[in-house]
Amino acid sequence: MADDISLEGLREESLQRIGMQETSSALRRLQGLAGNGVTDDDLAPMLPLLLEALRESPDPDRALNSFARWFAAVGNPSSHLQMLLRHPISLSLFCLVTGCSQYFSDMLVRQPEYFEILSNPGVRDDIKSPEQFSRELASLVDACQRVELKRDVLRRWKAREMLRIGVRDLAGLSDMPETAREFSGLADACVQQALRIAQQSLPLKAEPGASNGLQNSLEVVPFAVIAMGKLGGEELNYSSDID
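Summarised in this report is the structure supplied together with it. Remember, it's a predicted structure, so these values are computed and weren't measured experimentally. (Residues numbered from 1 in each chain as written. Predicted model: local features only at pLDDT ≥ 70, side-chain atom pairs only at ≥ 80, totals over all residues. Heavy atoms only, no water.)

**Things to note about helix α4 (residues 47–56)**
Stated formally: In this scheme, a residue with accessible area under 20% of its type's maximum is buried, one over 50% is exposed, and one in between is partly exposed, where area comes from a 1.4 Å probe on protein chains only. Numbered from the N terminus, helices here are DSSP runs of H or I no shorter than four residues, and strands are runs of E no shorter than two. Pairs of residues are marked as contacts when any of their non-hydrogen atoms sit within 4.5 Å.
Those residues of α4 that fall on the buried side of the exposure criterion are L47, P48, L50, L51, A53 and L54. Where the residues of α4 are buried, they touch α1 (12–17), α2 (23–31), α3 (40–43), α5 (60–73) and α7 (88–100).

Structure below.
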């Protein structure tokens, strides 16, 4: 892709050559990136990088749509533009991941800050053990006082970790066994914390033997969560249910 292509000079034929199907819509999306403090001249250095990343994407149309939505959602487009120019690999990863998954595309648009997973090697290169998952989630959940906030933290953390694991998988940074183990460790941590949150939300009642005379009913009745199937075998994948 030529480095001197400008938004003004870009034509549908050029977009067709990189695999775009809806070329007229794609052209409008590219021309609509300017605004909110970003000019066409500001975008010019990024354009060839973006077009090359789209050319390598499994679904260039979806990747471009996702990029336009994400770029409109970020708080400071100008600083994010500079970051993309400094770390073009993150642009390639964005188009790869969003071209593969609508779920991840929507997640990045809803939570633009999750882009750090793509841009920060220290985040995307990290492999977490089940113990790390449990410690990390426990510290976040315990920092919240209200039950609904604990649940919200759990959901957000789970989504972010699913994206991180997915990025590693799609980028070839981990193989399928590693990916399955991380998904399984993530599920274990979520189940453990969901059980703790449920336990903490139960009404207290007087029970013999409790140090303060009060005890959650779940603590009185022996209770265990037993992982079956793929979770029990640490073989979870993207679409697995938890048995």
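**Describing the nonpolar core**
Here is the rule we go by: Definition used in this section: a nonpolar core is a set of buried Ala, Val, Leu, Ile, Met, Phe, Trp, Tyr and Cys residues joined via side-chain atoms within 4.5 Å.
Of all hydrophobic cores here, the largest spans 43 residues; its most connected members are L50 and F67. Breaking this core down by element, the ones donating at least two residues are α2, α4, α5, α6 (77–86), α7, α8 (102–110), α9 (116–119) and α12 (147–170). Apart from the residues within four sequence positions on either side, F67 is in contact with L33, M46, L50, L84, L91 and F94. In this structure, V141, A187, C190 and L231 belong to the second largest nonpolar core, which totals 15 residues.

**Looking at the packing of aromatic side chains**
The description of two aromatic rings rests on the distance between their centres and on the angle between their planes. So the rule is basically this: Only Phe, Tyr and Trp rings are paired, with Trp represented by its six-membered ring, and only when their centres lie within 6.5 Å; those with planes under 30 degrees apart are stacked, over 60 edge-to-face, the remainder tilted.
Under the definition given, this model contains 11 aromatic pairs. Aromatic pair F67 and F94: ring centres 5.8 Å apart, planes at 85°, arrangement edge-to-face. With a gap of 27 residues between them, F67 in helix α5 and F94 in helix α7 connect regions that are remote in the sequence. Given a relative accessible area of 0%, F67 falls into the buried group.

**Some points on helix α11 (residues 130–142)**
Put simply, the rule reads: Working rule for helices: expected span equals 1.5 Å times residues minus one.
Over its 13 residues, α11 extends 18 Å from the first C-alpha to the last, a length consistent with the 18 Å expected when each residue adds 1.5 Å. Close packing links the buried residues of α11 with α12 and α13 (176–201).

**Some points on the side chain of S119**
Following the sequence through the fold, S119 ends up in helix α9. Beyond its immediate sequence surroundings of up to four residues, S119 is in contact with M83, S90 and R124.

**Some details on the pattern of salt bridges**
Filter applied, for reference: What makes a salt bridge here is a side-chain nitrogen of Lys or Arg within 4 Å of a carboxyl oxygen of Asp or Glu, nothing more.
The tally for this structure, following the rule as stated, stands at 12 salt bridges. Note that E161 is salt-bridged to R164, the shortest N-O span being 2.8 Å. Highlighted residues: E161 and R164, both in helix α12, separated by three residues, approximately one helical turn. Assessed through its relative accessible area of 0%, E161 is described here as buried. Where E182 meets R164, a salt bridge forms, and the shortest distance between an N and an O atom there is 2.8 Å.

**A closer look at the environment of L137**
For L137, the position within the fold is in helix α11. As a C-alpha pair, L137 and W157 span 20 residues in sequence and 7.4 Å in three-dimensional space. In this structure L137 touches L154, W157, A189, C190 and Q193, once residues within four positions along its chain are discounted.

**Observations regarding unusual backbone geometry**
In this structure, N36 is a non-glycine residue whose phi angle is positive, near 55°. Of note, E234 is a non-glycine position whose phi angle comes to about 55°, a positive value. Here E234 is to be found in the segment after α15 (229–232). Overall, E234 belongs to the partly exposed group, its relative accessible area being 39%.

**Observations concerning the environment of V141**
Take V141: it is sitting in helix α11. With a relative accessible area of 1%, V141 lands in the buried category. The spacing of V141 and I197 is 56 residues in sequence and 8.6 Å in space, taken between C-alpha atoms. If sequence neighbours within four positions are ignored, V141 has contacts with K150, V153, Q193 and I197.

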